[in-house]
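A structural walkthrough
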Amino acid sequence: MSRNRAVLTAAALTALLTVFPATGSQAADAPSAGERIAKALRDTPVYVDKAYTEAVPPSRQRELTQQIKKTGLPIKVVLTPLTKGDPFNGEADTLASVLHDRLPQRELILITTDGVFTDSLNGYEWPADTHQTRDAVAATGFLDEMRDAGLADLTSKAVQLVAEGNGTEVYEEATEDLGEGVPEQPTPTKKPEGSAWPVMAAFMGLALAALTTVALVAYRRRHRRRTSAMTPALGAARAAEEAEVRRKAEAEVVALGEAVRTADAATAPDLSRALDAYAAAGKVLDEARDLTDLAGALALAAEGRAALTPHPSLPLCYFNPLHGQATTRTTWRRLGHRESVTVATCPTCTTTLATHRTPDSLTELTENGHLIPYYEGQSIWAATGYGSLPGDGMASRVARGDLGRDKDRETSA
Ligand SMILES: [Zn+2]
């Protein structure tokens, strides 16, 4: 590679890193952003960010305020976009605890937007979950009647369920028949011709990192068109969710590329494993068809990062990699299965398992339009548990074509 090319790609990388906000660097701004929202909540129980005023206009905000007053409960609603890199680092939990710290009420029920699933709400309650707030609010995302509901209706339903106080029962009932009547499967979109990733995978070291950056720019340009073509079929909510996860995955893959590029071959614990994970993450990102694939790109990026750090770390959460890095390993026996498996779990899923319930998992849209937990499917992700399960790893399976996209291309050509 010529020196000029290297300089150019370094510039491209810098530009990309500027486009993708650094993760977690602005958490220090949380107090001021939190203070602003908390202050607004002293006058009214409903806070709606500018980004959501179209979905929840002032008239609906007043209705929600009235509804909340009638319940007599200390309910506060905060509808604000959450993305990684924002003052709350895209975490509803962080937003909630910052607000809890800043609000004078000892008893507080908080309903907020979610960082990952932009069409869902989260419920929090202090000092204890007396009104089953967590389940009541989570249930709104699974009720048949709420399938096409806008944010205002969803919030109103959440307030109603919290007031009724039997959210756990509603939640269990609503999630019992998961998979019934979900929207039709989106029409598969045409693959862009050719793919840069297999070629990229042939390169190693610096060349790989630098060249892949260029491929990623091309990929992003291509994908922007693909996303808009997909939107009508997917429905705005699912598309928005996918777009957000895709952005996260792209940022993580770029970050891994940079980490690989700057890694010292002499001291990096496992540079070749990092490179394998990087190549696989790029391939998955390029060929991703849905959320389960995008989560796979995230999981591979995490695996690559782990290979570059001296301290062994756990993979992303088995139940849903979008929950973030796991903090513990837990033994879990699937309903109807005799054998138990040991999986890596995030704090939330660990708690859920401890109470003998099945954690909310990432879902896969089956060919006949049903949503099933991804681990009940046949994908490479079900086989690897996103890095939790023993056996062949994600990177080697992607490298040998287990993603199955190469086959698709042959048959559709
Ligand atoms: Zn989890």
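Residues numbered from 1 in each chain as written. Predicted model: local features only at pLDDT ≥ 70, side-chain atom pairs only at ≥ 80, totals over all residues. Heavy atoms only, no water.

Next up on the list: the overall build of the protein chain. Across its full length, the protein chain carries 16 helices and 8 strands. Of all 413 residues assigned to the protein chain, the portion counted as buried reaches 47%. Within the protein chain, contacts between residues at least 6 apart in sequence are counted, and of these 64% link residues at least 24 apart. For the protein chain, the exposed area adds up to about 20,500 Å²; of that, 52% sits on carbon and sulfur atoms. (Helix = DSSP H or I, 4+ residues; strand = E, 2+ residues; numbered from the N terminus. Buried < 20%, exposed > 50% of the residue type's maximum accessible area, 1.4 Å probe, protein only. Contact = heavy atoms within 4.5 Å. Areas by Shrake-Rupley, 256 points an atom, 1.4 Å probe, with all protein chains shown as cover.)

As a further point, take the coordination of the zinc ion. Here the zinc ion is held by C317 (SG), H323 (ND1), C346 (SG) and C349 (SG), and the distances to it run 2.1 to 2.3 Å. Here the zinc ion is ringed by 4 donor atoms whose angles at the metal span 96 to 119°, and the overall shape comes out tetrahedral. Each donor residue of the zinc ion lies on one chain, and together they are spaced C-x5-H-x22-C-x2-C. Note that H323 is positioned in the loop between α12 (291-308) and β5 (328-333) and C349 in helix α13 (residues 347-354), a separation of 26 residues in sequence. Accessibility expressed as a relative area gives 33% for H323, which makes it partly exposed. (Donors = N, O, S within 2.8 Å, 3.2 Å for Na, K, Ca; no water. Tetrahedral: all angles 85-135°; square planar, octahedral: opposite > 155°, others 65-115°.)

Enumeration over the complete set of coordinates arrives at 11 aromatic pairs. Centre to centre, the rings of F319 and Y375 are 6.1 Å apart; their planes meet at 85°, and the pair counts as edge-to-face. Here the residue F319 occupies a position in the loop between α12 and β5, and Y375 occupies one in the loop between β8 (371-373) and α14 (380-384), the gap between them amounting to 56 residues. Among the aromatic side chains, those forming a connected cluster through ring pairs are Y318, F319, W332, Y374, Y375, W381 and Y386. (Phe/Tyr/Trp six-rings, centres within 6.5 Å; stacked < 30°, edge-to-face > 60°.)

Take the side chain of S388 next. Mapped onto the elements, S388 comes out in the loop between α14 and α15 (394-399). Only 2.9 Å separates the side chain of S388 from the backbone nitrogen of A344, close enough to count as a polar contact. Discounting chain neighbours no more than four positions away, the residues touching S388 are P315, L316, Y318, R329, T342, V343 and A344. (Polar contact = N/O pair within 3.5 Å; in protein donor to acceptor, adjacent residues only side chain to side chain.)

This paragraph deals with the environment of G401. By secondary structure assignment, the location of G401 is in the loop between α15 and α16 (405-412). Its relative accessible area of 24% is what places G401 among the partly exposed residues. Along the chain, G401 and I380 lie 21 residues apart, while their C-alpha atoms are 9.8 Å from each other.

This part covers unusual backbone geometry. Of note, the amide linkage connecting W126 to P127 takes the cis form, showing an omega dihedral of 0°. With respect to the helices, strands and loops of the structure, P127 is situated in the loop between β4 (121-126) and α5 (133-139). A positive phi angle, close to 55°, is found at Q132, a residue other than glycine. In the Ramachandran plot, Y386 falls in the positive-phi region, its phi being about 55° despite a non-glycine side chain. Position of Y386 relative to the elements: it lies in the loop between α14 and α15.

Pairing between the strands of a sheet is mediated by backbone hydrogen bonds and can be parallel or antiparallel. Reading across from one edge, β1-β2-β3-β4 is the order of the 4 strands in this open sheet, with mixed pairing throughout. Strand pairing shows two members of the sheet lacking a second neighbour, β1 (46-48) and β4, which therefore form its edges. Averaged over all adjacent pairs, the angle separating strand axes in this sheet is 10°, with direction ignored. In this structure, strand β3 (residues 108-113) lies alongside β4, joined through 6 bridges in antiparallel fashion. Within β4, the position partnered with T112 by the bridge is N122. (Pairing = 2+ DSSP bridges. Axes fitted to C-alpha atoms, helices over the stretch in contact; angles between N-to-C directions.)

All right, on to the pattern of salt bridges then. Side chains that carry opposite charge are capable of pairing whenever their charged atoms lie near each other. According to the stated counting rule, one finds 12 salt bridges in the structure shown. Put simply, E35 and R102 hold a salt bridge, and the shortest N to O gap is 3.3 Å. Here R102 lies in helix α4 (residues 92-102) and E35 lies in helix α2 (residues 30-43), a separation of 67 residues in the sequence. When its relative accessible area of 29% is taken as the criterion, E35 is described as partly exposed. A relative accessible area of 26% places R102 in the partly exposed class. Residue D135 pairs with R357 through a salt bridge whose shortest N-O separation is 3.4 Å. Here D135, found in helix α5, pairs with R357, found in the loop between α13 and β7 (363-365); they are 222 residues apart in sequence, far enough to count as distant. Using a relative accessible area of 25% as the deciding quantity, one classes R357 as partly exposed. Each member of the salt-bridge network shares a partner with another, and the members are D392, R397, R400 and D402. (Salt bridge = Lys/Arg side-chain N within 4 Å of Asp/Glu carboxyl O.)

Quick look at the environment of A259 now. In this fold, A259 is placed in helix α10 (residues 236-262). Its relative accessible area of 19% is what places A259 among the buried residues. In sequence terms A259 and G304 are 45 residues apart; their C-alpha atoms lie 9.1 Å from each other. If we skip the residues at most four places from it in the chain, A259 touches R305 and L308.

Moving on, we get to the nonpolar core. By size, the foremost hydrophobic cluster in this structure holds 46 residues, and its most contacted members are L300, Y318, F319 and W381. The set of elements that each furnish at least two residues to this core consists of α10, α11 (271-287), α12, α13, α14 and α15. A per-element tally of this core places α12 first, with 10 residues. Setting aside residues no more than four positions away along its own chain, Y318 makes contact with W332, V343, A344, Y374, Y375, G385, Y386, S388 and L389. (Core = buried A, V, L, I, M, F, W, Y, C linked by side-chain atoms within 4.5 Å.)

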